[in-house]
Amino acid sequence: MPNRILVCLDGSERSEAALPYAMTCARNAGPDAELLLAQVPEPLYYAPHFMPVAFHELAESLRIQVTGYLEHLASELRAVGFRARACVPVGAVHEALIHLAEEEDVDLVVVTSHGRSGLRRWMLGSVAERVLRHSPAPVLLLPLTCLSRQRWQSVPPPRLSRVLVPLDGSALSETILQFPDVVPLRPEQFHMVVATDVPEFLGRDLLEQDGLGEYIRELEEYLRCLSVSPELRSYEVTWRVADALAPEGVLEEAEEVQPDFIAMMTQGRSGLGRFWVGSVAEKIARAATCPVLLLNPRCVAAEEAERAVAATAAQA
C-alpha cells in the first residue's frame, strides 16, 4: 500500500491548494501514510560583487525561512491527525524534487501546474512538466482550474470517484488499469476512451466511405473486452470511441463526462488507431481542467511493464 506522498510547494497559497488532494490520498493509503512537504529555496547565482560570506548567509537565510514555513504547515497537518514532515532540498528545483522523490522512495508526487513567480517563489508550471517527465513515482498534476481559492484548511475532501482513462490500443497504455494497486486513489467508476486519431492527410474521406465504421466497431469491441478484464472487475465501467484526433478527442470527452480525474500512461506508440501517449499525455495534462494522474512504466510492476513494452514493440 502506498504510504509516502510528496507534496511540491512554492510558498504560495495556490500551491497549498494541493494539500486537500494529498490529504485524501493519505487517508486512502491508511494510518501509516506520511506527507512529505517539500519546497526548494529559490536558487541563488553567484555574482562577482557578492562576498562569499554574504552569499552563503543569504542562502542560509532563505533555507531557514522555507523550513519554518514548511514546519508550520506540517504542524497543522499533524494537529488534524496526519503524519507530516518538512523537506527542504537544494539545487535546481525540478532536479532537487526528483532526487528527493528517489531518496525518500515516495509512492506519489502531488504538484500544481502553476504557482507564482518572483522573489523566493518559483514557477511550478514549468517545474511540473519537468517532474512529469522524470519522476520515479506516479504524479498527480493539479491544474489551477480545479483548485479552490479558499484556504486549504477549510476545503472539504475532494471527490475522486470517477476516472477517465484514455487508451491507444497498446499493451503499454493498458497498464494504467493497474493504478489503484500502486496509487492511493480509490475510484468507483472507470470511463475508458480511445480516439480514432485518423488525420485528414491519410484520406479520411475515403476511409469514411470504405472502412471507418468497421474500424470504430473494432475499437468498440476492444474497449468492451477490456471492460470485463480482471483489473476492472470491481468497478462500474463505461466506454466510448471518440471519432477525433488525440488529444482533442480525449479533452472533448473529459468536457462531456466531467470526470473527477484523468489517469494515463506517459508512453505508448503511434500509427493508425494509436497515438503518442508520451506527447499526448503532456498535452492533455496542460489543457485538462481536472486533476491528471500520470504513470510511467517504472511505476507499475516490473514484470508487467516488461511484458507491455515487449508487446508494444511487437505491435510497432
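Here, every reference points to the structure presented above.
Description of the structure in this document. Keep in mind the model is a prediction, meaning the values are calculated, not measured. (Residues numbered from 1 in each chain as written. Predicted model: local features only at pLDDT ≥ 70, side-chain atom pairs only at ≥ 80, totals over all residues. Heavy atoms only, no water.)

**Describing the nonpolar core**
The nonpolar side chains of a soluble globular protein tend to be buried, and buried together.
Moving on, step 1. In this structure, Leu35, Leu37, Phe179 and Leu293 are the most contacted members of the largest nonpolar core, which totals 61 residues.
Moving on, step 2. Those residues in contact with phenylalanine 179, other than ones at most four positions away along the chain, are Val163, Leu185, Pro187, Phe190, Phe261, Ala263, Leu293 and Leu295.
Moving on, step 3. Membership of the second largest hydrophobic core comes to 38 residues, among which are Val40, Ala242, Val250 and Ile262. (Core = buried A, V, L, I, M, F, W, Y, C linked by side-chain atoms within 4.5 Å. Buried < 20%, exposed > 50% of the residue type's maximum accessible area, 1.4 Å probe, protein only. Contact = heavy atoms within 4.5 Å.)

**Brief notes about the sheet that holds strand S5 (residues 139–142)**
Moving on, step 1. Overall, mixed pairing links the ten strands, which are arranged S3-S2-S1-S4-S5-S10-S9-S6-S7-S8 in an open sheet. Edge strands, defined here as strands with exactly one partner in the open sheet, are strand S3 (83–87) and strand S8 (236–242). In this sheet, neighbouring strand axes are inclined to one another by 20 degrees on average, regardless of whether the strands run parallel or antiparallel.
Moving on, step 2. The sheet contacts of helix H2 (residues 19–29) involve strand S1 (4–8), strand S2 (34–38), strand S4 (108–112) and S5, and relative to S1 the element is tilted by about 175 degrees. (Pairing = 2+ DSSP bridges. Helix = DSSP H or I, 4+ residues; strand = E, 2+ residues; numbered from the N terminus. Axes fitted to C-alpha atoms, helices over the stretch in contact; angles between N-to-C directions.)

**Describing the pattern of salt bridges**
Opposite charge on two side chains allows them to pair when their charged atoms are near.
Moving on, step 1. By the definition in use, this model includes twelve salt bridges.
Moving on, step 2. The salt bridge involving glutamate 34 is made with arginine 4; its shortest N-O contact spans 3.6 Å. Of this pair, glutamate 34 sits in strand S2 while arginine 4 sits in strand S1, and the two are 30 residues apart along the sequence.
Moving on, step 3. With a relative accessible area of 26%, arginine 4 lands in the partly exposed category.
Moving on, step 4. Arginine 85 is the partner of glutamate 104 in a salt bridge, and the nearest nitrogen-oxygen pair spans 3.2 Å. Taken together, the positions of glutamate 104 in helix H4 (residues 93–104) and arginine 85 in strand S3 put the pair 19 residues apart, joining distant regions of the chain.
Moving on, step 5. By relative accessible area, which is 15% here, glutamate 104 ends up buried.
Moving on, step 6. Given a relative accessible area of 27%, arginine 85 falls into the partly exposed group.
Moving on, step 7. Each member of the salt-bridge network shares a partner with another, and the members are Arg4, Glu34, Arg85 and Glu104. (Salt bridge = Lys/Arg side-chain N within 4 Å of Asp/Glu carboxyl O.)

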